[in-house]
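Here is how the chains run, residue by residue.
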Amino acid sequence: MAIGVILALMGTACLIQLANVQLVNGKSMAQAAAQSRTITVTLKASRGKIMDTNGSILAQSVERYTIIGNPEEAQAFTPITCTKQTGDNCHQIDGKPVGATGAAAVARLLAPVLGMDATELGAMLSGTGQYAVLKKDVTPAVKRKISKLNLGGIVYAELSNERIYSNGTLMGALLGGVDGEGKGVAGIEQMENKTLTGEDGYQVYQQGNNGVEIPGTMTESKDAVNGSDVTLTIDHDVQWYVEKVLRESCEKYSSPWGIAVVQDTQTGDILALADSDEIEAGSDQAKMTVSRAVSETFEPGSIGKVFTMSGMIQLGLHQASDKFTVPDHITVNGQTYSDATTHGAEHWTLAGILEQSSNVGMIIAGEKMSNEQRYDFIRKFGIGQDNRPGLPGESDGLLYSADQWDLRTQNTVLFGQAYTTNALQLTNAVAVIANKGVKKPQRIIKTISDAEGHSEEQKPKGEATRVIDEQVASQVMNAMESVSDHYSQFIKVDGYRVAAKSGTAEVAGADGRLSSIISDYSAIIPADNPRFIVTVVLKDPQGVFGGLTAGPVTAEIGEFLMQKYEVPASSPRTDAIPVTW
């Protein structure tokens, strides 16, 4: 009877509790249960691709997964022995029982798939909480293997993306890289981060004990929007060849580094922006290093004589055919200036002064050119100006105003010293001559295409401006072609006329003194129908002079361009301005 009474009381209590759960608090408890099962899953947006001008992929994000463990569930895990009754819903390692329970058992099952140490995994799953990152950037193939381990609710995968750079060191520092959150932190990845970054989506649904979505429980969702693709003006083939030539040339001339730029004369597009540094794109070094081709500044040396000569002719002070008697040294206001070689009093025209790269000749010809006029024309050609395409770390160079010049600087600026520039800026300044006196803005971003495939052409920063008259540019081009002819014995592109100028400048070395040399060479090719500007800069090359070191490198690049783009051969030169009298 006592047992019967006890059972009756227990039954009554159960009925009362059942009524309480189902009738009194049923709705709130159901809501609480649903809430405990409801999760919000982030749908990761893919970062946009970076491509070259022909659509070759330089950087892209590929599908990857972050493997997440639930320590609380792992510690309560008991493996299911494999039998006929359990079928595939069981746990074993190489056909044998797991031999453990809890976090250790999960770790033993998971370690071979993730390629990790079981002890390390076990420690990660032995902590508190319900969320522990076990491994990042896991491939879809590995994720599928994990799904077959029957660890639902204990181990699961979150979709992520890994940034892949398919060309190794090609454009390494120029492309830059992204941080652990997928944000661009250097190079073009940083420059175009806003464009490349997509918008994550999400899903809200209830999950079962195995971590899988319960069908029909999704209450809210928003699709992810992938980032836009960025197409550069850079030509992968040209960039590869230029980098190759630079590395070989640095070895040949024992130069610690080299820089080269190839620019399309007609559009201002940059086809190659290269340096000799070998840095893996996306690496830690790429994330911390600005491309030398972007950041390095230097005195242009005698290439600066192109801007001075242009100013003289534009102001009406001289014509390229004007005659001068030029000694090898001169003293002005107590300051003595010399040419690179010893010579007697030579009879050179202004074109000949440029051909012979005479510092003394430039000072004599520039006698009536005021300091303000000297400054203005250097500046009009873009030196010291913010006319860059917007790459992170790019410098404007340094050009002091005329009222800050001392007695020596006011003359050294005539032959490209006492101010600094970078390779991009110098290339665009020389392009003024090729473009018949017009300075066009440079461009490195060609198009941007959104996730739906809509493509938009990107305009370069700034507007085209006239710097000198067309007939002035024609005279300077003529003189530059004579410069190229002067070096034709060892710098030439067979079948094509070239207009060029070399430069050599002393710069500060590691000791802080003027103990280092910058040798540069900038060429317009073909001279009779300008298509490209090629600029090469070498640091401390054996051979010193730009015409003997950087010049042959420029010609090698020019020959490649003529072949790749199938440029028609030049017509013979018939209008050369005399260089002597």
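Worth saying up front: this structure is predicted, and the values here are computed from it rather than measured.

*Asks:* Sorry if this is basic, but what is going on with the overall build of the chain here?
*Replies:* Assigned secondary structure in the chain consists of 20 helices and 25 strands. At 35 Å, the chain has a C-alpha radius of gyration far larger than the 25 Å of a compact globule built from 581 residues. If one aligns the C-alpha atoms of the chain with their principal axes, the spans along those axes are about 140 × 50 × 45 Å. Of all 581 residues assigned to the chain, the portion counted as buried reaches 49%. Contacts in the chain between residues far apart in sequence, at least 24 positions, make up 71% of those at least 6 positions apart. Total accessible area computed for the chain in this model is approximately 27,200 Å², and 49% of it derives from carbon and sulfur atoms. For the chain, the centre of its 48 positive side-chain charges and the centre of its 67 negative side-chain charges are spaced 4 Å apart.

*Asks:* I tried to follow the state of the cysteines on my own but got confused; where do I start?
*Replies:* Evaluation of the coordinates by the stated rule reveals one disulfide. Here Cys82 is linked by a disulfide to Cys90, with a sulfur-sulfur distance of 2.0 Å. As the torsion about the S-S bond is roughly 90°, the Cys82-Cys90 disulfide counts as right-handed. Using a relative accessible area of 26% as the deciding quantity, one classes Cys82 as partly exposed.

*Asks:* Would you take a moment to explain the environment of Leu58 for this structure?
*Replies:* If you trace the backbone, Leu58 turns up in strand 3 (residues 57-69). For Leu58 and Gly453, which are 395 residues apart along the polypeptide, the C-alpha to C-alpha distance reads 18 Å.

*Asks:* Sorry if this is basic, but what is going on with a nonpolar patch on the surface here?
*Replies:* Residues Ile3, Ile6, Leu7 and Met10 make up a contiguous nonpolar surface patch of roughly 440 Å² in combined accessible area. If you trace the backbone, Ile3 turns up in helix 1 (residues 2-24). The exposed category is assigned to Ile3, whose relative accessible area is 64%.

*Asks:* Any chance you could explain the nonpolar core here in plain terms?
*Replies:* Nonpolar side chains tend toward joint burial in soluble globular proteins. Formed by 120 residues in total, the largest nonpolar core has its most connected members in Val262, Leu273 and Ile557. Per-element accounting of this core gives the leading share, nine residues, to helix 18 (residues 423-434). Here Leu273 is in contact with Leu174, Ile234, Gln239, Ala260, Val261, Ala293, Val294, Leu391, Leu424 and Ile444, once residues within four sequence places are set aside.

*Asks:* I would appreciate a short explanation of the pattern of salt bridges in the present structure.
*Replies:* Opposite charge on two side chains lets them pair, provided their charged atoms get close. Taken as a whole and judged by the stated rule, the model has 18 salt bridges. Close ionic contact of Arg247 with Glu243 constitutes a salt bridge, the shortest N to O distance being 3.8 Å. Highlighted residues: Arg247 and Glu243, both in helix 10 (residues 236-252), separated by four residues, approximately one helical turn. Taking relative accessible area as the criterion, Glu243 reaches 5% and is therefore assigned buried.

*Asks:* Is there a simple way to think about the side chain of Thr427 in this case?
*Replies:* Within the secondary structure, Thr427 is located in helix 18. Exposure remark for Thr427: the relative accessible area of 0% places this residue in the buried category. Residues contacting Thr427, with those up to four places away along its chain left out, are Val261, Gln263, Ile533 and Thr535.

*Asks:* Help me understand the sheet that holds strand 11 (residues 258-264), please; the structure alone is not making it clear to me.
*Replies:* Reading across from one edge, 12-11-25-24-23 is the order of the five strands in this open sheet, with antiparallel pairing throughout. The open sheet has two edge strands, strand 12 (270-275) and strand 23 (499-507), and neither has a second partner. Between one strand axis and the next, the sheet turns through 10° on average, direction left out of account. Pairing geometry for strand 11 and strand 25 (residues 532-539), over seven bridges, is antiparallel. Looking at strand 25, one finds that Gly258 is bridged to Leu538.

*Asks:* Where do I start with the packing of aromatic side chains in this structure?
*Replies:* The geometry of two aromatic rings is summed up by the distance between their centres and the angle between their planes. By the definition in use, this model includes six aromatic pairs. Between Tyr375 and Trp405, the aromatic rings sit 6.4 Å apart at their centres with planes inclined by 65°, giving edge-to-face as the arrangement. Here Tyr375 is found in helix 16 (residues 371-380), whereas its partner Trp405 is found in the loop between helix 16 and helix 17 (409-412), with 30 residues between them in sequence. The pair Tyr375 / Trp405 is uniform in exposure class, with both members buried. With a centroid separation of 5.9 Å and 70° between ring planes, the pair formed by Tyr487 and Phe490 is classed as edge-to-face. In this structure Tyr487 comes out as buried when scored by relative accessible area, which is 14%. When its relative accessible area of 40% is taken as the criterion, Phe490 is described as partly exposed. Clustering of aromatic rings is evident, with ring pairs tying together Tyr487, Phe490 and Tyr521. The ring of Tyr565 carries the charged tip of Lys564 above its face, separated from the ring centre by 5.3 Å.

*Asks:* Would you take a moment to explain the packing of helix 10 against helix 20 (residues 550-564) for this structure?
*Replies:* Axis angle and axis distance: for two packed helices, these are the angle between their axes and the distance between the axes, and together they describe the pair. Their axes nearest at 10 Å, the elements helix 10 and helix 20 cross at an angle of 155°. Relative to helix 20, the element helix 10 lies roughly antiparallel. You can see that helix 10 and helix 20 cross each other, and the crossing is right-handed. The segment helix 10 lies against helix 20, with Asp237, Val238, Tyr241, Val242, Val245, Glu248 and Ser249 engaging Val553, Glu556, Ile557, Phe560, Leu561 and Lys564.

Each value, and the rule that gives it
- Residues numbered from 1 in each chain as written.
- Predicted model: local features only at pLDDT ≥ 70, side-chain atom pairs only at ≥ 80, totals over all residues.
- Heavy atoms only, no water.
- Helix = DSSP H or I, 4+ residues; strand = E, 2+ residues; numbered from the N terminus.
- Rg over C-alpha atoms; globule rule 2.2 N^0.38 Å.
- Buried < 20%, exposed > 50% of the residue type's maximum accessible area, 1.4 Å probe, protein only.
- Contact = heavy atoms within 4.5 Å.
- Areas by Shrake-Rupley, 256 points an atom, 1.4 Å probe, with all protein chains shown as cover.
- Lys, Arg positive; Asp, Glu negative; His and termini not counted.
- Charge placed at Lys NZ, Arg CZ, Asp CG, Glu CD.
- Disulfide = S-S within 2.5 Å.
- Patch = residues over 30% accessible without salt bridge, like charges linked within 9 Å, V, L, I, M, F, W, Y side chains within 5 Å.
- Salt bridge = Lys/Arg side-chain N within 4 Å of Asp/Glu carboxyl O.
- Core = buried A, V, L, I, M, F, W, Y, C linked by side-chain atoms within 4.5 Å.
- Pairing = 2+ DSSP bridges.
- Axes fitted to C-alpha atoms, helices over the stretch in contact; angles between N-to-C directions.
- Phe/Tyr/Trp six-rings, centres within 6.5 Å; stacked < 30°, edge-to-face > 60°.
- Lys NZ or Arg CZ within 6 Å of the ring centre and 35° of its normal.
- Parallel < 35°, antiparallel > 145°, perpendicular 65-115°, else oblique.
- Left-handed = near helix turned anticlockwise from the far one by under 90°.

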